[in-house]
Protein chains: 2
Amino acid sequence: MKSTAVCEILSVGTEILLGDILNTNCRFLSLELAKMGISVLHHTTVGDNYERLAEAVDRAVGRSDIVIATGGLGPTADDITKEVCCKQFGFELELNTKIADDIKSYFERRGKDMPLSNLKQAYCPVGGTVFENRNGTAPGMGMKKEGKCLIILPGPPYEMAPMFREWAIPFLEEYRTCTIVSHEIRTIDLGESTMAEMCSDLLENENPTVAPYCKPGESLLRVTAKANTATEADEIARPVIDEIVRRLGSYVYGVDVSCIEEQTVRLLKEKNLTVATAESCTAGYIAKRITDIPGASSVFKHGIITYANDVKEKALGVSHRTLSEHGAVSEETAREMAAGIRRVTGADIGVSVTGFAGPDADEEGKAPGLIYTALDAKDCQICQKIETGRNDREYNRYVAASRAINLIRIYLEGGR
Amino acid sequence: MKSTAVCEILSVGTEILLGDILNTNCRFLSLELAKMGISVLHHTTVGDNYERLAEAVDRAVGRSDIVIATGGLGPTADDITKEVCCKQFGFELELNTKIADDIKSYFERRGKDMPLSNLKQAYCPVGGTVFENRNGTAPGMGMKKEGKCLIILPGPPYEMAPMFREWAIPFLEEYRTCTIVSHEIRTIDLGESTMAEMCSDLLENENPTVAPYCKPGESLLRVTAKANTATEADEIARPVIDEIVRRLGSYVYGVDVSCIEEQTVRLLKEKNLTVATAESCTAGYIAKRITDIPGASSVFKHGIITYANDVKEKALGVSHRTLSEHGAVSEETAREMAAGIRRVTGADIGVSVTGFAGPDADEEGKAPGLIYTALDAKDCQICQKIETGRNDREYNRYVAASRAINLIRIYLEGGR
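Values in this document were obtained by computation on a predicted structure and should not be read as measured data. (Residues numbered from 1 in each chain as written. Chains lettered and ligands numbered in written order. Predicted model: local features only at pLDDT ≥ 70, side-chain atom pairs only at ≥ 80, totals over all residues. Heavy atoms only, no water.)

Re the overall build of chain A
Then, number 1: Within chain A, the regular secondary structure consists of 14 helices and 17 strands.
Then, number 2: Taking 416 residues into account, the globule formula puts the C-alpha radius of gyration at 22 Å, and chain A, at 27 Å, lies well above it.
Then, number 3: Along the three orthogonal principal directions, the C-alpha set of chain A runs to about 85 × 55 × 40 Å.
Then, number 4: Split into buried and exposed, the 416 residues of chain A put 55% on the buried side. (Helix = DSSP H or I, 4+ residues; strand = E, 2+ residues; numbered from the N terminus. Rg over C-alpha atoms; globule rule 2.2 N^0.38 Å. Buried < 20%, exposed > 50% of the residue type's maximum accessible area, 1.4 Å probe, protein only.)

In structure tokens:
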């Protein structure tokens, strides 16, 4: 492998220094560059100020092989990134008539005339490569000189990110030292430290590396392999992924899956089964998340939110005695809610949540984060008790919804 | 007012340069410093590397009055921020026994012994101010020398932010040039450009400034006043806020309110009324957002998600003829859903949404983003048609839920 190229990311914009916007471009670029085996050693942000920007460009070009500047390519007088970068890097600007036409058509498609000021965006460096912008008017550009490389990209992330992938990655190909590929093994209902202990020897691995992460109610292991090509990297990663999946068993809900609802909707579709939801403390969150997945209408038709106790009786047939003897937040109530929603809706699977999300003290004296989730199907009844130990309403509701959706996954996989 | 102090924010951590974490500290600090009238001219990020960190500290101290470094205060050998910063700024470190005891108790409270490596965190600069950490083990610190100020804070945002507010703001008091206070006027169902036109003369204001922003489905105006004290700033802002509220009328749902659901739940409580939800394309999102507000149980008891057409008939009594003649996504269906949920649940107000969130093509040939929301109450029926023009499922569902909740607000305020 080649020696690693060094890169610096230079963000330009007074709005970042004022805190008006969060700089997410730096992270995106850092992740993409890491995957190419390019080291990012500095992130620098300066405002739309000639002197400080020129100083920052000089310093970045002096200490790095690659400099990527983002932001300040707009049509107004305070947008000076292109002018300053090209001047300091020794490239002249000239009007690019093709880009000028592109910008005109951009406005025409929107039924507008191009303001004259936008013509400024059509000036491009002589001897540089123009990066076309499919999502806005400002083109990006790349220049190479004496082994150094300077790239300029627009600031809005929805313009910058596709342009980086389409234009900058090929432009940087000669600096690539390797290909890094990551895969994520996602688990639910398993603490991060328990998961890490079950795989402690693998965490010492050098290639692929194995690293634990946690998200609300979930733990995941990221397996990252480094090789010359993506195929080779995948070959290195595969046996380690298989070993982890074997060890963690049914806690694993998916590899390279974005969320539990995605995996669960996929399984429901495969088995051609429908689910209906009965929600108390989550109040629609389970149904909302299931229907976040496009095409969920073939597996989800009907849900009832029974936030009040009398509604649990009236709409789901939970018995008055269960509610008065065991309380609304109890295994018995959760089970009757799940059976009730299946009976009322005729769905193949009924799933329910009842719990105490907080933050206020419960009249029954139960702690925030105590939640029961139950599943009812023709051949199966399951109930799980959850104790998050947290007094955080959004967290408790999110985790409760995840665990309810996970119950469906467990049932469909014939597990526990 | 005094001349403005110049500040630089120095983030330390290889995980930021790798893109593993998003640097949100910079934005938080920039916003807080702007409120004190302190100018941030540079954000710099370097990894856990002695040479590059020392260089960055020297440069920052050289060009700025105030340097705030965050991250790299952990107990491991690669955490070097404190050591490097103090050395370059000329402060010696010594063991602070009070802090050592604090760290020991932090572990004791969690039933653990303090690892010896954590003792490293108890070393503090001689002549500096120690900032206690209520949410972790690493203390922060502030040092002043020859008119310059260096502050070091831990990296995790939930440790850094409260420490900044509690310790760093008082420590920086002498650099404060003013107090900046902002208020937000929030509107819904009003485009950002229309809102801006209605207040175009006010956007030219210098103190307070008035700036338009947009969020999904909402537009807001931020009124920012600058004065010596918060009370004076508020006095300057007040007449402008009143004028904006007068001009924008019932589009305004609140001033300094965090979201439409907060304002709506407050109004429902005030009027002692209950609402029930009938949701198709939002599938629980309205109910979830209403119940995000703690204490919503007094105004929300029951909701039904009717994702499939036959469920709209069966559960809400929408007529078969309406569905077949006008389609599920129609004003007629929305109105019957709202009336149905009120009849079924006995709530004071019924609210409904039916629409087409996308991304797939609708069998009825309707465009993604076409949504109807309706309200039914004893003395009032309202229906609104929404056309977002976007093929973005999450956006369309979010906006649909917002507009449904806003219908309740409009009804309660006796509007339109």
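So, the interface of chain A and chain B
Then, number 1: Taken together, the 59 residues of chain A in the interface contact 59 residues of chain B.
Then, number 2: Buried surface at the junction of chain A and chain B, both sides included, amounts to about 4,400 Å², of which 55% is carbon and sulfur.
Then, number 3: Here chain A is connected to chain B by 6 salt bridges.
Then, number 4: Here the residues of the side of chain A that touches chain B sort into 26 nonpolar, 18 polar and 15 charged.
Then, number 5: Bridging between strand 14 (residues 300-306) of chain A and strand 14 (residues 300-306) of chain B involves 5 bridges; their strand directions are antiparallel. Note on strand 14 of chain B: the bridge partner recorded for H302 of chain A is T306 of chain B. (Contact = heavy atoms within 4.5 Å. Buried area = accessible area lost by both parts, 1.4 Å probe. Salt bridge = Lys/Arg side-chain N within 4 Å of Asp/Glu carboxyl O. Nonpolar A, V, L, I, M, F, W, Y, C, P; charged D, E, K, R; others polar. Pairing = 2+ DSSP bridges.)

A few points about the packing of aromatic side chains
Residues and elements named next belong to chain A.
Then, number 1: Taken as a whole, this structure holds 14 aromatic pairs over all chains when the rule is applied.
Then, number 2: Taking 5.9 Å as the distance between ring centres and 20° as the angle between the ring planes, the aromatic pair formed by F131 and W167 counts as stacked. With a gap of 36 residues between them, F131 in strand 6 (residues 129-131) and W167 in helix 6 (residues 157-171) connect regions that are remote in the sequence.
Then, number 3: According to the relative accessible area criterion, F131 is buried, its value standing at 0%. (Phe/Tyr/Trp six-rings, centres within 6.5 Å; stacked < 30°, edge-to-face > 60°.)

So, the nonpolar core
Then, number 1: Residues I290, L375 and I408 of chain A together with I290, L375 and I408 of chain B are the most contacted members of the largest nonpolar core, which totals 80 residues.
Then, number 2: Here I408 of chain A is in contact with T264, L268, V275, I290, I349, V351 and L375 of chain A, once residues within four sequence places are set aside. (Core = buried A, V, L, I, M, F, W, Y, C linked by side-chain atoms within 4.5 Å.)

Quick notes on unusual backbone geometry
Then, number 1: Residue P359 of chain A is reached from G358 of chain A by a cis peptide bond, and omega for that bond is 5°.
Then, number 2: Mapped onto the secondary structure, P359 of chain A falls in the loop between strand 15 (349-356) and strand 16 (370-377).
Then, number 3: Backbone geometry places E146 of chain B, a non-glycine residue, at a positive phi of 50°.
Then, number 4: Checked against the element boundaries, E146 of chain B lands in the loop between strand 7 (140-145) and strand 8 (148-153).
Then, number 5: Here A283 of chain B, not a glycine, exhibits a phi torsion of approximately 45°, which is positive.

Section: helix 5 (residues 97-109) of chain A
Residue and element names in this part refer to chain A.
Then, number 1: Taking 1.5 Å as the rise per residue, helix 5 with 13 residues should run 18 Å; its terminal C-alpha atoms sit 18 Å apart, in good agreement.
Then, number 2: Looking at the buried side of helix 5, the elements it contacts are strand 5 (123-125) and strand 6.
Then, number 3: Directly beyond the C-terminal end of helix 5, a positive phi value near 70° is found at G111. (Expected span 1.5 Å × (residues − 1).)

Functional significance is not addressed by these values, which are geometric in nature.
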